[in-house]
Amino acid sequence: MDTLEQIVARARAAVPGAQVTILPNESPSGQHSLLVDAAHALALARWLRDDPDLRLDYCSNVTGVDWPEVERVEKVRVKKVVDGAETEVEETRKVRSGGYLEAVYHLYSMHKRHGPVVLRMRTENRADRVQLPSLTPVWRSAEFQEREIYDLFGIVFEGHPDLRRILMWDEFKDHPMRKDYVEPDDYEWEPTPHDAVLAKARKHFTPTTSSGA
Amino acid sequence: MTSPTSTAALGQRSGVVERVSKPGGEGEWLEVSMGPQHPSTHGVFRMDVVLDGERVVRLKPVFGYLHRNHEKIAEGTTYLGSMPYTDRLDYFCSMTNNWAYALAVEKLAGLHVPERAEYLRVILAELTRLQNHASLCGFLLQDMGAMGTPLMYAFREREKILDLFEAISGARMMCNFMRFGGCRCDAPPGWLDAARRVVDGFPAFLDEFEALLSENEIIMARTQGVGVLPRELAINAGVTGPMLRASGVNYDIRKVDRYGIYDRFEFKIPLGEHGDTYDRYMIRILEMRESVKILQQALRDIPPGPVMDPKAKLRGLRPKPGEAYARIEAPKGELGFYLISDGGPNPYRYRVRPPSFINLTVLEDMCRGHTVADVVVILGSVDIVLGEVDR
């Protein structure tokens, strides 16, 4: 298989306008990933599947990752001119990162028996702009797994044939795999009749005003 | 109760039996909810089936009855703390679950496994495959109406293997045996000889099972040509394991990735031709024969030595920031673990790629056009365990 750099170079040529960058992975596994922009992801996925040298026909694992916005304090050594002499001073600066949801695809080739190529897409934020293109039209194996991401993380996959909750029940609100998810005190809690429920209940159990009849 | 409900709404409601007028024709479609208490669903699994007479028009699987968000729990636990929880995923095959998770952490932290531990892992994984496939064949025949006998024959063999698991790990099903960098303990004295006796006796069981069942007329009539899974669809839908190979795709992760020490053993990958339910049954029988071969080689060659890397750290393991995806050929298909570390004592993200969950993607494609009775058999041949599907 080509190196990741070669794949990126060929991908840029094959899908004009696609923004593909390599995200390095420092763990001993050495599985670096490709970050693609949402607008060209579908075309790029098709190319990865159909390219005769890659033929990544098998999408093994699809999952989501939540990256809430975090602020880290970093110490940086900066050269400064103090009293005419150049000295190195340690400065702290704040670095913001995260603030998006991520969908990760692990691709293999059953035909060529190589892989994995890790594909990533990121949403714009974690609140209202959480749309990503669905890759189910390219790999059917993403069908249930994208539903699971929608259910547990709240990424909305556009172009998915049947985007519904899959593990949680249909009436469930929230997305439990988010890092800031707070579970309710008691799942079993049922409201005693009040407000709307009470009004509805009254309708059914109106005491008969006139006796007899 | 003929209602003009649009057919698109079918399969969206829960727990109802509803009639809908057939689009563009006479008669009605009937929507039936099979499960979650149906005995053939192998746990709490439901299928919303739309029927035209007795034929399946549409089938939507409904999951989540056993969902406990295993992945979220693991994010709040240390790396070691999740190891016993992996037993509960596919509770038939806790040894392979342990191995897949250990392999992922080893990849993430760059740990090595001693020789003897690698052999023990292969032996335990192949024993797991034997008992899983044997029980699957028993359950499949039970679903077909062969009440009791085949399943009890299979469980008799499974019992012997579970006894071995109990002797080595202290538990029959929830083994919790593997660790990052090896295995928890060495085999007790005499265990390898006991394993050899079980393995040497296994082909006789297979011969007996096959003589009784493989060419049985009823089985052939009920399974041949039923639930055909075409090769291209199997690849595109990410189907793995015996189901994929029954459709004729030569893809076994033991051969492709050669994880552990699988490159040292001689064994073949059986392939199906038709991709029907009978092939899926037969593939499992043939795979058991190959597993016996691997076991005989491993039990012959296993060297003495330590079973844990002395440098491996279990408690307080903090891998460097990064991520790893590791996968193994579990009895049901590709079992993968995807871990992201942020340098802390807990994984930042912990993901299980469950094989039987993804194998269910094609259930509707396999069942469409067949009768309700066939749905039961086709589902039985997929080999699902709800602990893993719902997580």
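Because the structure is predicted, anything quoted here is derived from the model rather than measured.

What counts and what doesn't
Residues numbered from 1 in each chain as written. Chains lettered and ligands numbered in written order. Predicted model: local features only at pLDDT ≥ 70, side-chain atom pairs only at ≥ 80, totals over all residues. Heavy atoms only, no water. Salt bridge = Lys/Arg side-chain N within 4 Å of Asp/Glu carboxyl O. Helix = DSSP H or I, 4+ residues; strand = E, 2+ residues; numbered from the N terminus. Buried < 20%, exposed > 50% of the residue type's maximum accessible area, 1.4 Å probe, protein only. Pairing = 2+ DSSP bridges. Axes fitted to C-alpha atoms, helices over the stretch in contact; angles between N-to-C directions. Arc of directions from axis to C-beta. pLDDT = per-residue confidence, 0-100. Contact = heavy atoms within 4.5 Å. Polar contact = N/O pair within 3.5 Å; in protein donor to acceptor, adjacent residues only side chain to side chain. Buried area = accessible area lost by both parts, 1.4 Å probe. Nonpolar A, V, L, I, M, F, W, Y, C, P; charged D, E, K, R; others polar.

K.L.:
Sorry, what's going on with the pattern of salt bridges here?
P.N.:
It is possible for side chains bearing opposite charge to pair when their charged atoms get close. Enumeration according to the criterion identifies 54 salt bridges over all chains in this entry. A salt bridge links R116(B) to D186(B); its shortest N-O distance comes to 3.0 Å. Taken together, the residues span a long stretch of sequence, with R116(B) in helix 4 (residues 115-144) and D186(B) in the loop between strand 6 (182-183) and helix 6 (191-213) at a distance of 70 residues. What makes R116(B) buried here is its relative accessible area of 11%. Each of E148(A), K179(A), E71(B), E75(B), R349(B), R351(B) and R391(B) takes part in one network of salt bridges that share partners.

K.L.:
Please explain the sheet that holds strand 1 (residues 20-23) of chain A as it appears in this structure.
P.N.:
One key point about sheets: their strands pair by backbone hydrogen bonds, in either a parallel or an antiparallel sense. Residue and element names in this part refer to chain A. Within the open sheet, the five strands sit side by side as 1-2-7-6-3. Their pairing is mixed. Only two strands of the sheet have a single neighbouring strand rather than two, namely strand 1 and strand 3 (58-67). Averaged over all pairs of adjacent strands, the angle between their axes in this sheet comes to 25 degrees, without regard to strand direction. Across three bridges, the pairing between strand 2 (residues 33-36) and strand 7 (residues 117-122) is parallel.

K.L.:
Can you help me understand helix 1 (residues 4-14) of chain A in this one?
P.N.:
Within an α-helix, residues lying three or four positions from one another point in the same direction, as the helix has 3.6 residues per turn. Residue and element names in this part refer to chain A. Of the residues making up helix 1, those classed as buried are L4, I7, V8 and A11. Looking straight down helix 1, one finds that the buried residues subtend no more than 100 degrees of arc, so they occupy a single side. Structural note: helix 1 exposes E5 and A13 on the side pointing more than 90 degrees away from its buried face.

K.L.:
It is not clear to me how the sheet that holds strand 8 (residues 333-341) of chain B should be interpreted in this structure. Could you clarify?
P.N.:
All names here are of chain B. Pairing is antiparallel across the open sheet formed by three strands, whose spatial order is 7-8-9. Strands with a single pairing partner mark the edges of an open sheet, and in this sheet they are strand 7 (322-330) and strand 9 (349-353). Mean inter-strand twist for the sheet, computed between neighbouring axes without regard to direction, equals 10 degrees. Of the strand pairs in this sheet, strand 7 and strand 8 are connected by nine bridges, and their pairing is antiparallel. Bridging from a neighbouring strand, A326 pairs with F337 of strand 8.

K.L.:
Looking at this model, I keep getting lost on the confidence of the model for chain B. Mind explaining?
P.N.:
Interpreting fine coordinate detail is not advised for predicted regions of low pLDDT. Mean pLDDT over chain B works out to 87, with 94% of the residues at or above the 70 mark. The complex prediction reports pTM at 0.86, with the ipTM value standing at 0.85.

K.L.:
Whenever I open this one, the environment of D342(B) confuses me. Can you help?
P.N.:
All names here are of chain B. By the element assignment, D342 lies in the loop between strand 8 and strand 9. Between the alpha carbons of D342 and E323 there is a distance of 8.8 Å; along the sequence they are 19 residues apart. Residues in contact with D342, not counting those within four places in the same chain, are P321 and Y348. Polar side-chain contacts of D342 include one of 3.2 Å to the backbone nitrogen of G344.

K.L.:
Explain the interface of chain B and chain A to me, please; I cannot follow it from the model alone.
P.N.:
Put simply, an interface is often sized by how much accessible area is lost when its parts join up. The partner chain A presents 47 residues to the 50 residues of chain B that form the contact. Between chain B and chain A the total buried area reaches about 4000 Å² when both faces are included, carbon and sulfur atoms providing 51% of it. When residues of chain B are sorted by the area they lose upon contact with chain A, N236(B), E323(B) and Y348(B) head the list and together hold 16% of the total. Our count for the contact surface shared by chain B and chain A stands at five salt bridges. Here E148(A) makes a salt bridge to R351(B), at a shortest N to O gap of 3.1 Å. The interface formed by chain B and chain A contains 30 residue pairs in polar contact (both at pLDDT 80 or more). When residues of the side of chain B that touches chain A are assigned to their parent elements, the largest contribution, five residues, is made by strand 7 of chain B. Of the residues in the side of chain B that touches chain A, the class split is 23 nonpolar, twelve polar and 15 charged.

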